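Remarks on the overall topology
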Amino acid sequence: QVQLVESGGDSVQSGGSLRLSCVASGITLSHYSMAWFRQSPGKEREAVAAIDGGGSTNFAPTVKGRFTLSQDKAENTLYLQMNSLKVEDAAMYYCAAGGPCGGRWNAQDAWRFWGRGTQVTVSS
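First, a word on what this report is: a plain description of the structure on this page. (Residues numbered from 1 in each chain as written. Predicted model: local features only at pLDDT ≥ 70, side-chain atom pairs only at ≥ 80, totals over all residues. Heavy atoms only, no water.)

Further remarks concern the overall build of the protein chain. The secondary structure content of the protein chain amounts to zero helices and 11 strands. Traced from its N-terminal end to its C-terminal end, the protein chain shows the element sequence β-β-β-β-β-β-β-β-β-β-β. Its C-alpha atoms give the protein chain a radius of gyration of 13 Å, near enough to 14 Å, the size a compact globule of 124 residues would have. C-alpha atoms of the protein chain, sized along the principal axes, occupy 40 × 25 × 25 Å. Relative to its 124 residues, the protein chain shows a buried fraction of 44%. (Helix = DSSP H or I, 4+ residues; strand = E, 2+ residues; numbered from the N terminus. Rg over C-alpha atoms; globule rule 2.2 N^0.38 Å. Buried < 20%, exposed > 50% of the residue type's maximum accessible area, 1.4 Å probe, protein only.)

Before going further, it helps to spend a moment on the pairing of strand β4 (residues 34–39). Across the six residues of β4, five count as buried, placing the element largely inside the fold. Across five bridges, the pairing between β4 and strand β5 (residues 46–51) is antiparallel. The partner of Trp 36 across the bridge, within β5, is Ala 49. A loop of six residues connects β4 with β5, the two strands running antiparallel in sequence, and Gly 42 in this loop sits at a positive phi of about 80°. Sheet topology note: the β4/strand β9 (residues 91–97) ladder contains six bridges and is antiparallel. Bridge pairing in β9 links Trp 36 to Cys 95. (Pairing = 2+ DSSP bridges.)

Right, let's talk about the packing of aromatic side chains for a bit. One pass over the structure, following the stated rule, counts three aromatic pairs. Judged by centre distance (6.4 Å) and plane angle (75°), the rings of Phe 37 and Trp 111 are edge-to-face. Of this pair, Phe 37 sits in strand β4 while Trp 111 sits in the loop between β9 and β10 (113–114), and the two are 74 residues apart along the sequence. Summarising the burial analysis for this pair, Phe 37 and Trp 111 share the class buried. An aromatic cluster of at least three residues, connected via ring pairs, comprises Phe 37, Trp 111 and Trp 114. In this structure, Arg 19 packs its charged tip against the face of Tyr 79, placed 4.0 Å from the ring centre. Above the ring of Trp 114, the side-chain terminus of Arg 45 is found at 4.9 Å from the ring centroid. (Phe/Tyr/Trp six-rings, centres within 6.5 Å; stacked < 30°, edge-to-face > 60°. Lys NZ or Arg CZ within 6 Å of the ring centre and 35° of its normal.)

Here the focus is unusual backbone geometry. Even without a glycine there, the phi angle at Asn 76 is positive, about 55°. Along the chain, Asn 76 falls in the loop between β7 (67–72) and β8 (77–82). In this structure Asn 76 comes out as buried when scored by relative accessible area, which is 13%.

Here Thr 77 is to be found in strand β8. Within polar-contact distance, the side chain of Thr 77 engages the backbone oxygen of Glu 75 at 2.9 Å. The contact partners of Thr 77, leaving out residues within four places of it in the chain, are Ser 21, Cys 22, Val 23, Leu 29, Ser 70, Gln 71 and Asp 72. (Polar contact = N/O pair within 3.5 Å; in protein donor to acceptor, adjacent residues only side chain to side chain. Contact = heavy atoms within 4.5 Å.)

Spelled out as structure tokens, the structure:
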């Protein structure tokens, strides 16, 4: 059974930083692409970033240069480092696995497994 458990969400001020974690069980990170999506109230869930087993990444234009991805394969954990946070980054952040890192990486329906999310709040 695949489980993805996110953590690290918090309330921060604009310009601040957070690191989100996604611990995976039932899959091995080196064999699966992983991604982060986010959703704020009244909006569609949108792709944030993705990484494949070899370390290749994709980022949404809105976060490129501010967010980075890393993996601890020994701990089977995916990290999303978020710097220079903006009010518009506030959302529920979801970890996903089993989708494409290229191509349709930013399509929700391309990803097979999902976590329950962690909340990020950014105040001005």
